[in-house]
Amino acid sequence: MNARVVLALVLVALALWTAAGFMTALIWAAILAVALWPLYINFASRFGSGPTTLTAILFTLIVALVLMAPMSLAVYQIAQQSDALMSWLKKAGESGIEVPEWVARLPVVAESLQQWWRTNLSDPKAASALLKSINADNASDLFRTLGGQLIHRLFMLFFSMLTLFVLLRHGRMIASRFLETSDRLFGEAGEGLVEKMVIATRGTVNGTVLVAAGEGLLIGVGYLIAGVPNAIVFTILTTAFAMIPFGAWLAFTAAALVLVSGGGSGFAAAGVFCWGAIIMFAGDHFVWPTLVGDSARLPFLLAFVGIFGGLAAFGLLGLFLGPVIMAALLTVWREWIFRPESREQSA
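The structure displayed is predicted, hence computed values, not measured ones.

### A closer look at unusual backbone geometry
- At Asn-230, a residue that is not glycine, the phi angle is positive and equals roughly 55°.
- The exposure class assigned to Asn-230 is exposed, which follows from its relative accessible area of 52%.

### A few points about the packing of aromatic side chains
- Applying the stated rule across the entire model yields 11 aromatic pairs.
- Relative to Phe-155, the ring of Phe-22 lies with its centre 6.4 Å away and its plane at 65°, an arrangement referred to as edge-to-face. Taken together, the positions of Phe-22 in the loop between α1 (2-18) and α2 (23-47) and Phe-155 in helix α7 (residues 136-169) put the pair 133 residues apart, joining distant regions of the chain.
- The partly exposed category is assigned to Phe-22, whose relative accessible area is 30%.
- Ring centres of Tyr-223 and Phe-234 lie 6.1 Å apart, and the angle between their planes is 65°; this geometry places the pair in the edge-to-face category. Within this pair, whereas Tyr-223 is found in helix α9 (residues 188-226), its partner Phe-234 is found in helix α10 (residues 231-241), the two being separated by 11 residues in sequence.

### Some thoughts on the pattern of salt bridges
- As enumerated under the stated definition, the model contains one salt bridge in all.
- For Arg-177, the salt bridge goes to Glu-180, with nearest N and O atoms at 4.0 Å. Highlighted residues: Arg-177 and Glu-180, both in helix α8 (residues 171-186), separated by three residues, approximately one helical turn.
- By relative accessible area, which is 53% here, Arg-177 ends up exposed.
- Note on Glu-180: relative accessible area 42%, which makes it partly exposed.

### Side note on a nonpolar patch on the surface
- On the surface, Val-6, Leu-7, Val-10, Leu-11, Leu-14 and Trp-17 cluster together into a nonpolar patch covering about 640 Å² of accessible area.
- Relative to the assigned elements, Leu-7 resides in helix α1.

Cut-offs applied
- Residues numbered from 1 in each chain as written.
- Predicted model: local features only at pLDDT ≥ 70, side-chain atom pairs only at ≥ 80, totals over all residues.
- Heavy atoms only, no water.
- Buried < 20%, exposed > 50% of the residue type's maximum accessible area, 1.4 Å probe, protein only.
- Phe/Tyr/Trp six-rings, centres within 6.5 Å; stacked < 30°, edge-to-face > 60°.
- Helix = DSSP H or I, 4+ residues; strand = E, 2+ residues; numbered from the N terminus.
- Salt bridge = Lys/Arg side-chain N within 4 Å of Asp/Glu carboxyl O.
- Patch = residues over 30% accessible without salt bridge, like charges linked within 9 Å, V, L, I, M, F, W, Y side chains within 5 Å.
- Areas by Shrake-Rupley, 256 points an atom, 1.4 Å probe, with all protein chains shown as cover.

Okay, here's the thing in structure tokens:
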């Protein structure tokens, strides 16, 4: 028995070491599979006789499309502005750039920003000195690095979607094997632990999506009232980026800058930024932890620590792992420690 345990631990360690480069993609696929399983079962029942290879492929393609659409839209918008940015940089280095009219409309910082602009960008010599680090070689190296990262991320996304397809196609069998293993290792309490982790995962994903959608729609109302150009596009991007830490802040800050640079009121742009900041602060620090805690049956404090502690410890993946870890800890404390003692005392 000791030899079997040692062999099993060695094989697990070797397997984890071998798959280390793919662990993030595998965990993302597992989170998506657990969170989307009820939706997939409903989809398979409506468009077929149940989970099949075809329904798993179709559902995986839909998930990939939903994930790729906001990123593709953002890349397209950036590419649309790249030519204007390069011509602006070239003009700044050759003849300098006068202070735009919209800078004077900015509240509070207009005077200091105008002074900085005249000193660093209106003077051709100062502008050349400021921008001399931006040259063809540096730009080429930057694009090569970004291109390599993009290819790597796309491959990881493809691998996640492939793993998601396998998990959906064989979900019932994989879940059954996993429950049997947990039962053999930890007894009946192991199945309860797995159930709590599944509930925590679904609650975190559902809460994240709902809060992001609510934040995006409310901030989008602000875009429409303030007259932000392409308000619908910015609303879609804000909703998508709200699922990423500080992503929505970048979106509504960009919207405010686009508004003021396009001739809009500086106070309207400031209003867009302040409205977005209020919505994000309330949503991320109060609504989100409460919603996730209620779904995962976690107290508010544990949900808050799980979400933001997970982000600090594991990055974006910790957004979902943190509450799952807290739910597992709470289950172990309740089911394995507290309840046995209560039973002994009652006996």
